[in-house]
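Secondary and tertiary structure notes
Letter by letter, the chains look like this.
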Amino acid sequence: MPDASSADVRPQLGASRPPSMASSAGAPASGHSFASVSGSLAEQLARTQAALTQAELRNTDLRRALDDATYAAQTATARLATFASYLPEGLLLVDPRGTIALINDYCCNVFGLPLPASNWLGYSIRNIANWLQEQTADPAGFQQYVQQLWQGGQSVLNQELLMLDGRTLVWDYLPTSEAAQGAVASIGFLLRLRDITEVRQQLEQQQRERAFYETVLNQLPAEVFATDMTTRHTFLNAQAAATPTLREGFSAEDSGPFSGEVQQQRQRYYEQATATGKPVQWIEQVTEADTSRYLLRSLQPVQSSAGQLQMVVGHSVDVTTQEEARQRLQEQEAFYNAILNHMPADISVFDASHRYRYVNHQAARDPNLREWLIGKDDFQYFLRQQRSRTMAEQRHFLFEEAVRNRRQMSWEETTPRADGTLSYWLHYYYPVFKADNSLDMVIGYGADITARRQAEDRIRASEHRVRALLTALPDTILVTSRMGFVHDAKLGDDSLLSQAADQLIGNHLADVLPPLATEPVLASLAEMLRTGQRTEASFELPPMDGGRLGYQVRCIPLDSEEALLVLTSRKLPPLLGSPGLALRSS
């Protein structure tokens, strides 16, 4: 640094000359004594000594100020070095003389320089330039590039630098001074370094993962997209990008204001998903070129850990085949329901636990009751209807018997009516098993047999009266088939047939009639079958106990399968000779 004390001293010295000396400086010395000359020199010497003393004092002040400035500079430099040591980046500051003015440990670690970094302060950058270059993957290229920047005084930011060991650095080159004309070497610069190897690896890993997931999503047979909070798409897979309707449905920026029923529907679902934070799903019908497709649309809001909505992920799957199949099933279900609901019988379907799975209209006419019955059992049903629990227990027992024995079970139930009469029902349980022999369901069927039961009662009463009437008749009456086999029999008062009536059932007439009676009876039956008309015949048995006994045979057609034979006996007067035979038809 230039010496400031001499400059200060010179003005001090010129200003201290007394006026008397200035006026007599050029006067001749003759006429004065030696004493006067000596006195004058002594005064000048004193003034000179005083000036020197004052200069020394000022010089001392300047040295003190210089020391203070040096201390302040050293303190600032130390603080800067301390600050630089805590930075997550490397710093290398070179002054215009090419001397290293600042370097931190991060920079030394990046280039493999021995620590501590303070040992390199004051060294020329040329001492480590070659070492720094050799650490890069392209030393020659790096040297040439830095030389161009240095000579041109250019600054660059965020330049990537590949190191020899595979690391990746980002560096900034910032000139700190301008060179004088023709003095390139007087440029100082600041070099900032950041090791982004780990960040780059993470970024590459993220890119690989993104590429992987995008490849998977692009191969899905579904439209997948993601939108941010402004409804702009942040991702569209190949299927979605090929379908602009999806973009029109959810991106206001792409499609403009929503229009049309489909777009309005999509917007409503989108607003519902973002408002509730819950997924929504719906089936949308799309008509293209006179053909309809069905798409299963889904919107899934994605929230952060703090519960804030981040994005909405949507996807769309073509479910045309499934939807058409579902519609066909619905049509078939409606068809079968219509049949089952119009059948004049109670039909129910039960699961393996005897709970109702289906109830037709006849079994429960109240729609609310039918809906309530699904999933309930007979105990709950009978309790609701205030019916006997014993009947529910009986039904459950028969249900288990049908499943255990793997066969149909039937039973009759009697139910009181509101008018005080009784209704009769015939019920069935029919178990249905799967291919693996596990129980699939049990079909319950119930028919109102009240009219049939009443008719059967009337028939039984009529049969009872007829049988009582026939029992009162003295004739022998047989019901036979067209082939002559006995189906029913009522014996008369005579002894024509020696067997009991129940022993005759199933036997042929030739096996139960006396030999003399077989021919006329079978002949009368054959004539009736031939003509379809009632026939009559008579025959006579050998005398018994001195008396003659004759029989009249009437053969009457009942239906296409059966005939009625009536054998009436009568006593005849005694005659000589063989018994006679007569046959006639009417």
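Conventions we followed
Residues numbered from 1 in each chain as written. Predicted model: local features only at pLDDT ≥ 70, side-chain atom pairs only at ≥ 80, totals over all residues. Heavy atoms only, no water. Pairing = 2+ DSSP bridges. Helix = DSSP H or I, 4+ residues; strand = E, 2+ residues; numbered from the N terminus. Axes fitted to C-alpha atoms, helices over the stretch in contact; angles between N-to-C directions. Contact = heavy atoms within 4.5 Å. Patch = residues over 30% accessible without salt bridge, like charges linked within 9 Å, V, L, I, M, F, W, Y side chains within 5 Å. Areas by Shrake-Rupley, 256 points an atom, 1.4 Å probe, with all protein chains shown as cover. Salt bridge = Lys/Arg side-chain N within 4 Å of Asp/Glu carboxyl O. Core = buried A, V, L, I, M, F, W, Y, C linked by side-chain atoms within 4.5 Å. Buried < 20%, exposed > 50% of the residue type's maximum accessible area, 1.4 Å probe, protein only.

1. Overview of the sheet that holds strand 4 (residues 168-175)
- Taken in spatial order, the 5 strands make up an open sheet running 2-1-5-4-3, and their pairing is antiparallel. Two strands lie at the open edges of the sheet, namely strand 2 (100-103) and strand 3 (156-162), each paired on one side alone. Here the strands of the sheet are splayed against their neighbours by 20° on average, with no regard to which way each runs.

2. Focus on the sheet that holds strand 7 (residues 233-236)
- Taking strand neighbours across the sheet as the criterion, the 5 strands line up as 7-6-10-9-8 in an open arrangement whose pairing is antiparallel. A single partner strand is all that each edge strand has here, and the edge strands are strand 7 and strand 8 (280-288). Each neighbouring strand pair of the sheet contributes to a mean axis angle of 20°, computed without reference to strand direction.
- Relative to strand 7, strand 6 (residues 222-227) runs antiparallel, the two being bridged by 3 bridges. The partner of Phe225 across the bridge, within strand 7, is Leu236.
- Against the sheet, helix 12 (residues 320-342) contacts strand 8, strand 9 (291-303) and strand 10 (309-318), and its axis sits at roughly 110° relative to strand 9.

3. Some words on a nonpolar patch on the surface
- Judged by side-chain polarity, Phe212, Tyr213, Val216 and Leu220 come together as a nonpolar surface patch covering roughly 390 Å² of accessible area.
- Considering the arrangement of structural elements, one finds Tyr213 in helix 7 (residues 197-219).

4. Description of the nonpolar core
- Of all hydrophobic cores here, the largest spans 27 residues; its most connected members are Leu92, Ile103, Phe111, Leu113, Trp171 and Tyr173.
- The set of elements that each furnish at least two residues to this core consists of strand 1 (90-94), strand 2, helix 4 (105-111), helix 5 (126-134), helix 6 (139-152), strand 3, strand 4 and strand 5 (189-195).
- Ranked by residue count, the leading element in this core is helix 4, at 4 residues.
- Not counting chain neighbours up to four residues away, the residues in contact with Tyr173 comprise Leu149, Trp150, Gln154, Ser155, Val156, Phe189, Leu190 and Leu191.
- By size, the runner-up hydrophobic cluster in this structure holds 23 residues, among which are Val512, Ala517, Leu541 and Ala563.

5. Thoughts on the pairing of strand 8
- Relative to strand 9, strand 8 runs antiparallel, the two being bridged by 9 bridges. Paired with Gln281 across the two strands is Ser298, which belongs to strand 9.
- Hairpin remark: strand 8 followed by strand 9, antiparallel, with 2 residues in the connecting loop; positive phi at Ala289, about 55°.

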